[in-house]
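What follows is the residue order along each chain.
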Number of protein chains: 2
Amino acid sequence: MRVSVIATAGNIAGEALSNKSVVMFDILRASSTISTALANGCKEVIPVIDVEDAFALARQLPEGSFILGGERGAIKVTGFHLGNSPLEYTASVVKDKTVIISTTNGTKAIRYAAGENGRVFIGSLLNCSSVAKALADLSKDIVLVCAGTRGKFSLEDTLAAGLVIKDLLKFFNKNPWQAKTQEHNKFYLEETPIFNNDALILEDAAVAALRLAEYYWQSPIQGLLDSLHGQKLLQLGLAADLDYCSKLNHLTNVPVFFNDKIL
Amino acid sequence: MRVSVIATAGNIAGEALSNKSVVMFDILRASSTISTALANGCKEVIPVIDVEDAFALARQLPEGSFILGGERGAIKVTGFHLGNSPLEYTASVVKDKTVIISTTNGTKAIRYAAGENGRVFIGSLLNCSSVAKALADLSKDIVLVCAGTRGKFSLEDTLAAGLVIKDLLKFFNKNPWQAKTQEHNKFYLEETPIFNNDALILEDAAVAALRLAEYYWQSPIQGLLDSLHGQKLLQLGLAADLDYCSKLNHLTNVPVFFNDKIL
């Protein structure tokens, strides 16, 4: 079982996903919002790349059966019911509704990550443990796709990927912090590297994500605050969103995108 | 002053380098070998992408005035004097000679990183502090280019980039580990993010590299051992190379590529 991490969704080569378990992380905020809406009882979430397509889809649905949600530049789209704050997607608002969502980055990343498989888990800090369990159960090679921010590496998505890896290691009886306690001497050079055996191979980007997880796991909010996107949201007055999105394992559901919808 | 880290040399967009300080890291082993050869008194190092071009260049030089060095698949090129182990480039072998070097990854990465500027620092664990000093003196935006391994993120190059950032922060009176000691509460959400002010902005990939540096700085060899490329070299019996390449600040020279040669 091989674990790789892709830093930005735009960098996915289609063939790399075939017959693998794929998770997409856009934790500020699309992933967190989607998980929250589903946990709060919405019927389904339909990710749509273009705003116009979102309105067009809505016109096909019965009045009152759907919610239009999402953002551009972190701001609610004009004419939508909701923005992209997970805190807006309460049970009283979304229960039994179809949520049509369109965000700058996340909805595109889901489509990229779907690749040929067509199936993608939606991961965030809110559901790291549950995602890890789902991946361990499937026993396939794993690709953790970070949405990234404007085509660049994002600290917060990679942190979430690392926290999933940390939990995943438990299923292989590995202590993720093991490396710290080993002797670093010439003798050690003769030993087998800790991360690679027949059962589990962590690629370098996965090891780096795991190290981020160790740094921030006791205070994931710090990782969000250290990220440029987190700082932008803070400037926009969205501190409560950062606070919520940093709640590690607050939810237990693992949303799955398949056949154009997330359940 | 903005600090960015590019995970693989192939991902450089030419325009991103214009009027910036650029460092290339291929610490296993091209960067380490180049720095060592220059520290041991070679006249110059000329990086060449193709093996045939290396032989052609050598034919233009007086017999005995040059050394042909490099590897393909970590193995010495047939007909070359030396492979790509920095330990081979001793003063008695390279003093006053022109070193023509061609490696799978590193020489290509230098050319990519040169971009329009044409000027690239060669960084490794061996000279992190000196590289940081050179960057601080220049006061330009900084791009740290990791060569990567076969087009993928490499743990060891990113670690070296992180250790340069760690040293760089000292010039801005910042404590790189500051984040750990702060209070993580709602109040903190109101504070200014630690890494970004008018003087110094760390992009997310730079923060992540810094976190890797914190993890491994007391034992950089562990970072090399955790990397897939390090493990490959270990399997090839090159433990002594790993050991040498992990010597933090063993050298003080900062090689510069400009006008087709490294001095």
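A few points on the structure. The structure displayed is predicted, hence computed values, not measured ones.

### Re the pairing of strand 4 (residues 66-72) of chain A
All names here are of chain A.
Here is step 1 of the chain: Along strand 4, six of the seven residues are buried, which leaves the element largely enclosed by surrounding structure.
Here is step 2 of the chain: Where strand 4 lies against strand 6 (residues 98-102), five bridges are found, and the strand directions are parallel. Across the sheet, isoleucine 67 pairs through a bridge with valine 99, a residue of strand 6.
Here is step 3 of the chain: Direction of pairing for strand 4 relative to strand 5 (residues 75-76): antiparallel, over a ladder of two bridges. Opposite arginine 72, over in strand 5, you have isoleucine 75 as the bridge partner.
Here is step 4 of the chain: What sits between the antiparallel neighbours strand 4 and strand 5 is a turn of two residues, in which glycine 73 has the positive phi angle 60 degrees.

### Description of helix 4 (residues 106-114) of chain A
Structural remark: α-helix, 3.6 residues per turn; residues separated by three or four positions point the same way.
All names here are of chain A.
Here is step 1 of the chain: Among all positions in helix 4, only Gly106, Thr107, Ala109, Ile110, Ala113 and Ala114 are buried. Seen along its axis, helix 4 keeps its buried residues to an arc of 160 degrees; they face one direction.
Here is step 2 of the chain: Phi for glycine 115, located one or two positions after helix 4, is positive at around 45 degrees.

### Re the environment of leucine 263 of chain B
All names here are of chain B.
Here is step 1 of the chain: Along the polypeptide, leucine 263 turns up in the segment after strand 11 (261-262).
Here is step 2 of the chain: Given a relative accessible area of 55%, leucine 263 falls into the exposed group.
Here is step 3 of the chain: Sequence separation between leucine 263 and serine 35 is 228 residues, and the spatial gap between their C-alpha atoms is 9.3 Å.
Here is step 4 of the chain: Setting aside its immediate chain neighbours within four residues, leucine 263 contacts Leu38, Lys43, Glu44, Val254, Pro255 and Val256.

### A few points about the side chain of threonine 98 of chain B
Here is step 1 of the chain: Within the secondary structure, threonine 98 of chain B sits in strand 6 (residues 98-102).
Here is step 2 of the chain: In this structure, threonine 98 of chain B is in contact with Lys43, Glu44, Ile46, Leu61, Ser65, Phe66 and Ile67 of chain B, ignoring residues within four places of it in sequence.

### What to know about the packing of aromatic side chains
Residue and element names in this part refer to chain A.
Here is step 1 of the chain: In total, this model carries four aromatic pairs over all chains according to the counting rule given.
Here is step 2 of the chain: Between phenylalanine 55 and phenylalanine 80, the aromatic rings sit 5.2 Å apart at their centres with planes inclined by 70 degrees, giving edge-to-face as the arrangement. With phenylalanine 55 in helix 2 (residues 51-59) and phenylalanine 80 in the loop between strand 5 and helix 3 (91-94), this pair connects stretches of sequence that are 25 residues apart. The residues phenylalanine 55 and phenylalanine 80 share a single accessibility class, namely buried.
Here is step 3 of the chain: Looking at arginine 119, its charged tip hangs above the ring of phenylalanine 258, at a distance of 4.1 Å from the centre.
Here is step 4 of the chain: A cation over a ring is seen here: lysine 166 above tryptophan 217, with NZ or CZ 4.8 Å from the ring centre.

Calculation criteria
- Residues numbered from 1 in each chain as written.
- Chains lettered and ligands numbered in written order.
- Predicted model: local features only at pLDDT ≥ 70, side-chain atom pairs only at ≥ 80, totals over all residues.
- Heavy atoms only, no water.
- Buried < 20%, exposed > 50% of the residue type's maximum accessible area, 1.4 Å probe, protein only.
- Helix = DSSP H or I, 4+ residues; strand = E, 2+ residues; numbered from the N terminus.
- Pairing = 2+ DSSP bridges.
- Arc of directions from axis to C-beta.
- Contact = heavy atoms within 4.5 Å.
- Phe/Tyr/Trp six-rings, centres within 6.5 Å; stacked < 30°, edge-to-face > 60°.
- Lys NZ or Arg CZ within 6 Å of the ring centre and 35° of its normal.

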